[in-house]
Structure formats: structure tokens, C-alpha cells
Amino acid sequence: MPAYRRIAADLADKIRTGVYRPGDALPAQRELSTRYGVTLMTLRQALQQLRDDGLILQQAGRGTFVAPVQAAYRVDTLRSFVEDLREQGHDVTTEVISVAAEGAGLRLERVRLLGDQPVIHQTSWIPEPYGSRIADENFRRTSLYEALADAGVTIVRASERIVPGLLTEPVAGHLRRPAGEAVFVSERTTYAMDEQPVVVDRAVILGDLMEIRAERAATRLSLQWATAE
């Protein structure tokens, strides 16, 4: 193993085991290079790898710091927000704001919290015949996707668009943030095997607490880039 990878692996292990905690400053580069018995160039290669992995932040004139912990919203799965976040080890709870018939379907509004911090406001519309199948579900305990699966609905694909936006009322109040703050806005339509829409989602995501990740493989994820309209 090249020296810089060995150093990066050792520092990454120290970060993950809490020797260096989120927000902590790492020792100065010269001190680290002496500690590991390598040149500054080799040490900087190791730090570059840690930066690429999202484990550290480097601030000019201030030093190197352990990156804050962020929850990741993955765009390469058909699972719910809750399933993704819980898999990452986060304590996720759901606050249901309303469940009501709207048009020919069911409108579900809720807030996702990490610990006691609201991070996502989500509004879902489930058209008939799917909405009536899950109208009596307890969405505080059961995710929407779990409820649909239990109702015999097979989901095969989803189309999603994520754009920057600004918080507006009343969503800002639900997320305990001032109106006008920058956010991500996800608009997603999920389809069943017959190509009929099952869920039409709109999620407002706090950008300072969430990051968006994609795992790319030829047979798993197709991404299209477009300019914002």
C-alpha cells in the first residue's frame, strides 16, 4: 500500500472511531508528516484523499478540520427517505401534519426529523385506486412505501428532479427556519408496473443538514444533466 493511502486509512479510522470528532482541527501538516515519517508532499496526498472522501475540510489560513456529519439523500434507490436515513444510522422520526382526501386521491403531509431537528418537509399525493388502500395507515410508524407494498403495490421506477429553491411559509414554520433560506426541492413521481403514477412527491430539504449522493453504475442509475429553467 502506498504511504499516502496508509496514512489516509489511519486518519480515516481515527475520525470514524472518534479520536478526531466532527469540527475538531487535525494537527498541523508538518506535525503529521513528522509523526508518520513522510514528506509534506506525501502527507498532502493523504489529506487530498480524505477531502475527496468528504471526511475533512481545509480552510486557508486556519488549518484542516474534521467535516461535520451530514445525512445523505441517495438518488440511486427506490426506497423512502426514512429507509435511506435509517440505514445510515440516523435516528429518524416522522411528524404527520395531515392526511386528507384531495381530488381523486390521498394527500399526505409530513416532516422528517433527525433527532429533534426537522430536516425535510414532504407532501405526497397518492392517486386512486392506491390512495384508498392506505388511507387508514399510521404514517408516523410506517413509511409510505412500506404501506404501498403491504397493499400489494409493486413499484418499478421513479422520475426525480432536484433543484435549488427558497423556503416559503408555511413550510418554513414546519422546518423551524426563516422564510427565504436556501433549500433543495425534490419533485418525484413513482410508477407501478402498469406505468401508472403511484406517488407524486414534493420534498423540501434543508441543504445545510443534508447532502445528495449517487452511486453510479452502468446498470443501476441513469443521470441526465439539464440547465435550470
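Rules used throughout
- Residues numbered from 1 in each chain as written.
- Predicted model: local features only at pLDDT ≥ 70, side-chain atom pairs only at ≥ 80, totals over all residues.
- Heavy atoms only, no water.
- Axes fitted to C-alpha atoms, helices over the stretch in contact; angles between N-to-C directions.
- Helix = DSSP H or I, 4+ residues; strand = E, 2+ residues; numbered from the N terminus.
- Parallel < 35°, antiparallel > 145°, perpendicular 65-115°, else oblique.
- Left-handed = near helix turned anticlockwise from the far one by under 90°.
- Contact = heavy atoms within 4.5 Å.
- Nonpolar A, V, L, I, M, F, W, Y, C, P; charged D, E, K, R; others polar.

For the chain, an unreviewed UniProt entry supplies the name Transcriptional regulator and the organism Actinoplanes utahensis.

Caption draft 1: The arrangement of the packing of helix 1 (residues 3-16) against helix 3 (residues 40-52) in detail. In contact at an axis separation of 8 Å, helix 1 and helix 3 are set at 50 degrees when each is read in the N-to-C sense. Compared by their axis directions, helix 1 and helix 3 come out oblique. Here the hand of the crossing between helix 1 and helix 3 comes out right-handed. Contacts between helix 1 and helix 3 involve Ala3, Tyr4, Arg5, Ile7, Ala8, Leu11 and Ala12 from the former and Thr42, Leu43, Gln45, Ala46, Leu47, Gln49 and Leu50 from the latter. Classifying every residue of the contact of helix 1 with helix 3 gives ten nonpolar, three polar and one charged.

Caption draft 2: Quick peek at the side chain of Thr42. Relative to the elements of secondary structure, Thr42 occurs in helix 3. Beyond its immediate sequence surroundings of up to four residues, Thr42 is in contact with Ala3, Tyr4 and Ile7.

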